[in-house]
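Now for the letters of each chain:
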Amino acid sequence: MTSPQDPTSSTLGSVDAHGSDRGRGGRLGTASADVYTVTRKSRRTSFRAVWWRHALALLALAFALFPIVFIVSSAFNNAGTLSTSGLLPTRFGLRNFDALFNDAARPYWTWYKNSLIICGVATVATLVLGAAAAYAFSRLRWTGRRFGLLFILLVQMFPALLAFVALYITFATVGEVIPQIGLNTLWGLLLVYLGGAMGANIWLFKGYFDTIPKELDEAAKIDGASHARVFFTIILPLVTPILATVGILAFVGLWGEFLLASIFLTDADNQTLAVGLYATRNADQNRYFGQFVAGALLASLPVVLVYLSLQRLLIGGMTAGSVK
Amino acid sequence: MSETRSSEVDAALHNLEPTGERLEFSSRTPLWVQVVKWGLILLTLAVLGWMAQQVIEAGYWLMVSLIGFIALCVIAVYATKRAIPAKYLFPGVLLMLLLQIWPLLYTVQISFTNFGDGHISSKEEAVASIVSNSVREVEGSTRYALNIAVPEGTDVATGDLAYLLTDADGAYYVGTIDGLEELPADGVEAGPTGRIISAPGWTTLTPQEVNDRSDDLADFGVPVFDDAGEQTAGIRQVGLSEAFIGTPTRVYDEEADTITDTVTGTVYVAEDANFVPENGEGAALPQGWREFVGFENYTNAFTNATLREGLTKVFVWNVFFAAFTVVATFLLGMAIALLMNDERLRGKGIYRSILILPYALPIYVTALVWASMFNQDFGLINNLFGLDINWLGSAWWARVAVLITNLWLGFPYWFIVCTGALQAIPSDVKEAAAIDGAGAFATVRRVIMPLLLVAVGPLMIASFAFNFNNFGLIWLLTEGGPFVGGQSSIGSTDLLITLAYRLALGGAAPNFGFASAISVIIFFMVAVISYFGFTRTAALEDVN
């Protein structure tokens, strides 16, 4: 998937993409043309002019939708195997969900809970660490600031997943001493995700922070507010749009993370949805297909809802910097 | 959004304007803030102290001093009024140092070693293992009741093995690769023969789990040392529930760095991290050790004929895969964006919501579902189009399947990006082109495309770098396969990253050293791509 915002795999390129964003941050006016008043006659002529656009757009929709239709219809297909699945459900029913929720060897809701915990905690940490660092880089003046910023950017060039061998061996050793954060624990995986929490979005954050007028905090400082007071009561409320954008991108990116999770989490009770569903399908590609696809459908719901309800915000975040 | 923000700014400015009211900022920090602050500092120190205790028990002194240093930093940064920027940067920087930079440096370090199957432990541990492994039972030696365990909290499939032993007098011992220690009887549960069933701090293995680790157990023995620290004997298992103490038949000579087999008389010398027979006849001893091998992993990659051929293939496919994906997804996304970029077109919101779905679904859902759809016998693709293609079983069709899937996954991203970029192209440019007599196609080709490419160039480089390491897609769709030509190490759709993953963790004989070397090679390629991206954009000029 083309998602440079994936927090575990941010590259310099994606940072560049944000780099030219000077605080635009919010959405671009992509939907402004929707509001268009026309008379009945001109509407008819305009349809005649654009019908071919509709036809081609429907083709694109068919291409985008057919795997999704397949997912939905297989999930509600009572036979529950790959060989009986098709674009239309043959025997509609909820038997796949029954099987999914009552499989002792595959604790689906535990996976769901684990995914929510990991993504939730990591997202909050990403926001806290990122906003704090951006404040230091945008508002405070100190020696080594420019070098520090460039250094963090440089480190982000190398995706965490490339160092998986070192992470695996390190955490195997750590686990012998402190089993609570070793391999096969949620906390260990969470720590790995937090490694890039500050750096991955620093550019996006700093760009936005720079657009908040400095006069605001200077005025507050003159009135006796401490640096912490300025940060918490003046800056943070003003940067909520970027917090929302980064928060969603981080959550969605982690929700789909597979490599590190599959290295770390080996016990079924500790796994996330990504690892658990992968194992479910691989147990028997034909027999467990219905169960897998039912689980996949439920696992997709949170991110799809986030995308659909906040698409303007996300589109702004994704295209930030693409327009000069 | 921007209007909202500026109104918020106005409101905030308004609040701050000296309008004669008393301003509310007092120079004293509220009590609850102080309480929370000191509570957090103490909590952090408590957690660090607990960690230090665990580490001290295990005897990792370097880690102890690291934890102590971190604790000092916490106090210096948060308990004083100095170093204000550090207060905001410390946690993030600490996590970055420990979990991004350390793994990076460690990867480079591992890539210069032979770390891997048969070369896991240090040389001392390898020698100890060889010697205790050669123990032969002598007449009248003690027998122990035995159970096999791993330290509590470690994985039974990978944790360090240990013998839980009961001698004839009923005393309990625990034997590890480091030697024999007494086990306090508190909490130990023993069976009728005196065999330990459970002991605090240890997880005993079931017969099935013991069987799964029979290879590890074959190399395992507990060394017994005399008071001078010389190994005099070893303990080995006999079957699943008994062990004996005996004298080793292989003796290590530290001066000469050789191992002599007292039964056969063979002398083994250390060579290439293994003990090999001096006269060159017979096999090397299986227990090797980890050592520095210089550039061997790298030179192997470039000079070993089979490896080089395989790696070249993987590299070519990897570059083609990333480049094709970026170009194809961009073109399709842009085409749809142009199609929808008509003010008269209605229902754009609905179209956009649906077109975003492939991008919104998690990769493990979409890639696995596509893998199922490409199934030769029951898959949707073959059924729908009346084909009988062995998509994931033949090298070329598997590559086509990967490219189709990634086109589907990636085009919505470019559709969204291009829609945004198209909106920002001023209409007078298009009008000027029309006045100059350019047709619709010429306008797109000569006016809109160049402007679009300037705008989305950095994103294309980012997308290329991302897809260059698109582990998720390949692993979930094909696992790098299919494997042709009777080998199972290099698959037809392998990227460098999936190859490294399989080398390190995929098989029975991990080769961490070589996998790390491949990672380092990818590091350099990513660096080159990013440098290219850097110089092509003016992003860095604005760092102030």
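Some remarks on the overall build of chain A
Phase 1 of the analysis: When you go through chain A residue by residue, the secondary structure sums to 15 helices and zero strands.
Phase 2 of the analysis: Evaluated residue by residue, chain A yields a buried proportion of 63% over its 324 residues.
Phase 3 of the analysis: Long-range pairs, those at least 24 residues apart, make up 73% of the contacts in chain A with a sequence separation of at least 6.
Phase 4 of the analysis: Surface accessibility of chain A: about 11900 Å² in total, with carbon and sulfur atoms responsible for 65%.

Quick notes on the sheet that holds strand S15 (residues 274-277) of chain B
Residue and element names in this part refer to chain B.
Phase 1 of the analysis: Spatial ordering of the open sheet is given by S12-S13-S14-S15, a layout of four strands whose pairing is antiparallel. Every other strand in the sheet has two partners, leaving strand S12 (250-253) and S15 as the edge strands with one partner each. Strand-to-strand twist across the sheet, computed as the mean angle between neighbouring axes with direction ignored, equals 30°.
Phase 2 of the analysis: Each of S12, strand S13 (258-261), strand S14 (267-271) and S15 is contacted by helix H5 (residues 123-133), which is oriented at about 150° to S12, the strand it contacts most.

Brief notes about the packing of aromatic side chains
Phase 1 of the analysis: Enumeration according to the criterion identifies 52 aromatic pairs over all chains in this entry.
Phase 2 of the analysis: Residues B:Phe112 and B:Phe295 carry aromatic rings whose centres are separated by 5.0 Å and whose planes lie at 85° to one another, so their mutual orientation is edge-to-face. Of this pair, B:Phe112 sits in the loop between helix H4 (84-111) and H5 while B:Phe295 is found in the loop between S15 and helix H8 (296-303), placing the two residues 183 residues apart along the sequence.
Phase 3 of the analysis: In textbook terms, an aromatic cluster arises when at least three aromatic residues are bridged by ring pairs, as seen for A:Phe76, A:Phe97, A:Phe101, A:Tyr108, A:Trp109, A:Trp111, A:Tyr112, A:Phe251 and A:Trp255.
Phase 4 of the analysis: One cation-aromatic arrangement involves A:Arg106 over A:Tyr288; the distance from NZ or CZ to the ring centre is 4.3 Å.
Phase 5 of the analysis: The positively charged end of B:Arg399 is found above the aromatic ring belonging to B:Trp317, 5.9 Å away from the centroid.

Comments concerning the interface of chain B and chain A
Phase 1 of the analysis: Contacts between the two partners involve 134 residues from chain B, matched on the other side by 148 residues from chain A.
Phase 2 of the analysis: For the chain B and chain A pair, buried surface summed over both sides reaches about 12600 Å², with 73% attributable to carbon and sulfur atoms.
Phase 3 of the analysis: One can count zero salt bridges joining chain B with chain A.
Phase 4 of the analysis: Between chain B and chain A we count 15 residue pairs in polar contact (both at pLDDT 80 or more) in total.

A look at the pattern of salt bridges
Phase 1 of the analysis: Inspection of the entire model under this criterion finds six salt bridges over all chains.
Phase 2 of the analysis: Across the pair A:Lys206 and A:Asp210 runs a salt bridge, and its minimum N-O distance is 2.8 Å. Highlighted residues: A:Lys206 and A:Asp210, both in helix H8 (residues 202-211), separated by four residues, approximately one helical turn.
Phase 3 of the analysis: A salt bridge links B:Glu242 to B:Arg143, with the shortest nitrogen-to-oxygen separation between them at 3.1 Å. Of the two residues, B:Glu242 sits in strand S11 (residues 242-248) while B:Arg143 sits in strand S2 (residues 143-151), which places them 99 residues apart along the sequence.
Phase 4 of the analysis: Residue classification places B:Glu242 among the partly exposed residues on the basis of a relative accessible area of 35%.

Examining helix H9 (residues 214-222) of chain A
Residues and elements named next belong to chain A.
Phase 1 of the analysis: Within the span of H9, buried status applies to Leu216, Asp217 and Ala220. Relative to the axis of H9, the buried residues are bounded by an arc of 85° and lie together on one face. Turned more than 90 degrees off the buried face of H9, the exposed positions are Glu215 and Ile222.
Phase 2 of the analysis: The first or second residue beyond H9 is Gly224, which carries a positive phi of 100°.

Quick notes on a negative patch on the surface
Phase 1 of the analysis: The grouping of A:Glu176, B:Glu124, B:Glu125, B:Asp160, B:Asp178, B:Glu181, B:Asp226, B:Asp227, B:Glu230, B:Asp253, B:Glu254 and B:Glu255 at the surface amounts to a negative patch.
Phase 2 of the analysis: Here B:Glu255 falls in the exposed class, since its relative accessible area comes to 81%.

A look at the confidence of the model for chain A
Phase 1 of the analysis: Taken as a whole, chain A shows an average pLDDT of 78; of its residues, 81% reach a score of 70 or greater.
Phase 2 of the analysis: In this model residues 1-39 of chain A is a low-confidence stretch, pLDDT under 50, and it forms 120 contacts with partners more than four residues away in sequence or in other chains.

Describing the packing of helix H13 (residues 273-283) of chain A against helix H12 (residues 363-373) of chain B
Phase 1 of the analysis: Two elements in contact, H13(A) and H12(B), have axes whose closest approach is 10 Å; the angle formed by their N-to-C orientations is 15°. One way to sum up the angle between H13(A) and H12(B) is to call them roughly parallel. As H13(A) runs across H12(B), the sense of the crossing is right-handed. Residue-level inspection shows A:Leu273, A:Ala274, A:Leu277, A:Tyr278 and A:Arg281 of H13(A) in contact with H12(B), the latter providing B:Tyr364, B:Leu368, B:Ala371 and B:Ser372.

With respect to the side chain of A:Ser262
Phase 1 of the analysis: Mapped onto the elements, A:Ser262 comes out in helix H12 (residues 259-264).
Phase 2 of the analysis: A distance of 2.8 Å separates a polar atom in the side chain of A:Ser262 from the backbone oxygen of A:Leu259.

Let's talk about unusual backbone geometry
Phase 1 of the analysis: One non-glycine residue, A:Asn184, adopts positive backbone phi at about 65°.
Phase 2 of the analysis: Here A:Asn184 shows up in the loop between helix H6 (164-177) and helix H7 (186-194).
Phase 3 of the analysis: Located in the positive-phi region is B:Glu479, a residue other than glycine, with phi close to 55°.
Phase 4 of the analysis: Mapping B:Glu479 onto the fold places it in the loop between helix H17 (471-477) and helix H18 (496-506).

Structural notes on the packing of helix H4 (residues 108-138) of chain A against helix H10 (residues 227-238) of chain A
Residue and element names in this part refer to chain A.
Phase 1 of the analysis: Relative orientation of the contacting elements H4 and H10 amounts to 115°, with a least axis distance of 12 Å. Taken together, the axes of H4 and H10 lie roughly perpendicular to each other. Crossing geometry of H4 relative to H10 is assigned as right-handed. Judged by residue contacts, Ala131, Ala132 and Tyr135 of H4 engage His227, Val230, Phe231, Ile235 and Leu236 from H10.
Phase 2 of the analysis: Here the contact of H4 with H10 is composed, by residue class, of seven nonpolar, one polar and no charged.

Topic: the pairing of S11(B)
Residue and element names in this part refer to chain B.
Phase 1 of the analysis: The buried fraction of S11 is high, at five of seven residues.
Phase 2 of the analysis: Pairing between strand S1 (residues 135-136) and S11: two bridges, direction antiparallel. Its bridge partner being in S11, Arg136 is matched across the sheet by Thr247.
Phase 3 of the analysis: Of the strand pairs in this sheet, S2 and S11 are connected by three bridges, and their pairing is antiparallel. Looking across to S11, one finds that Ala145 is bridged to Glu242.
Phase 4 of the analysis: Pairing analysis gives five bridges linking strand S10 (residues 231-238) to S11, with the strands arranged antiparallel. When the sheet's bridge partners are listed, Gln237 is paired in S11 with Ala243.

Focus: the pairing of S2(B)
Residue and element names in this part refer to chain B.
Phase 1 of the analysis: A large share of S2 lies buried, amounting to seven of its nine residues.
Phase 2 of the analysis: As paired elements, S2 and strand S3 (residues 162-166) share five bridges and run antiparallel to each other. Its bridge partner being in S3, Leu146 is matched across the sheet by Leu165.

Digging into a nonpolar patch on the surface
Phase 1 of the analysis: A cluster of nonpolar side chains, B:Trp32, B:Val36, B:Leu40, B:Leu43 and B:Val47, forms an exposed patch at the surface whose accessible area comes to about 530 Å².
Phase 2 of the analysis: When you line up the elements, B:Trp32 lands in helix H2 (residues 31-58).

Conventions and cut-offs
One numbering rule holds for all chains: residues counted from 1, following each sequence as written. Chain A is the first chain written and ligand 1 is the first ligand written, with later ones labelled in order. Restriction of local features to residues with pLDDT of at least 70 applies here, the model being predicted, together with a cutoff of 80 or more for giving and counting side-chain atom pairs; totals for whole chains, interfaces and linings are based on all residues. Hydrogen atoms and water are omitted, and side-chain values are computed over all heavy atoms in the structure. Only DSSP runs of H or I reaching four residues or more are called helices, and only runs of E reaching two or more are called strands; each is numbered from the N terminus. Each residue gets one of three labels from its accessible area relative to the maximum for its type: buried under 20%, exposed over 50%, partly exposed in between, using a 1.4 Å probe on protein chains only. Contacts are residue-level and defined by heavy atoms, with any inter-residue pair within 4.5 Å sufficient. Note that accessible areas follow from Shrake-Rupley with a 1.4 Å probe, and for residues the cover is restricted to the protein chains shown. Here, any two strands with at least 2 DSSP bridges between them count as paired. Every angle, taken between N-to-C directions, lies between 0 and 180 degrees, and every axis is a line fitted to C-alpha atoms, over only the stretch in contact when it is a helix. Ring pairs shown here join Phe, Tyr and Trp side chains whose ring centres sit within 6.5 Å, with only the six-membered ring taken for Trp; geometry is labelled stacked below 30 degrees between planes, edge-to-face above 60, and tilted in between. Note on criteria: charge over ring means Lys NZ or Arg CZ within 6 Å of the ring centre, with the direction from the centre no more than 35 degrees off the ring normal. In short, buried area is how much 1.4 Å probe accessible area vanishes from two parts on joining, totalled over both. Any Lys or Arg side-chain nitrogen located within 4 Å of an Asp or Glu carboxyl oxygen qualifies as a salt bridge. Counting of polar contacts relies on pairs of N or O atoms within 3.5 Å, with two restrictions inside protein: one atom must be capable of donating a hydrogen and the other of accepting it, and residues adjacent in sequence are counted only when both atoms are side-chain atoms. Each direction from the helix axis to a C-beta atom contributes to the arc, which is the arc of those directions. Patch rule: a residue counts if its relative accessible area is over 30% and it has no salt bridge; like charges are joined within 9 Å, and nonpolar side chains (Val, Leu, Ile, Met, Phe, Trp, Tyr) within 5 Å. The charge count treats Lys and Arg as positive and Asp and Glu as negative. His and the chain ends do not count. A charged residue contributes its charge at one atom only: NZ of Lys, CZ of Arg, CG of Asp or CD of Glu. Confidence of the predictor at the level of single residues is captured by pLDDT, which takes values from 0 to 100. Throughout this description, any angle smaller than 35 degrees is read as roughly parallel, any larger than 145 degrees as roughly antiparallel, any in the 65 to 115 degree range as roughly perpendicular, and the remainder as oblique. Two helices crossing with the near one rotated counterclockwise from the far one by less than a right angle form a left-handed crossing, whereas a clockwise rotation gives a right-handed crossing. Asp, Glu, Lys and Arg are counted as charged, while Ala, Val, Leu, Ile, Met, Phe, Trp, Tyr, Cys and Pro are counted as nonpolar; the rest, among them Gly, fall into the polar class.

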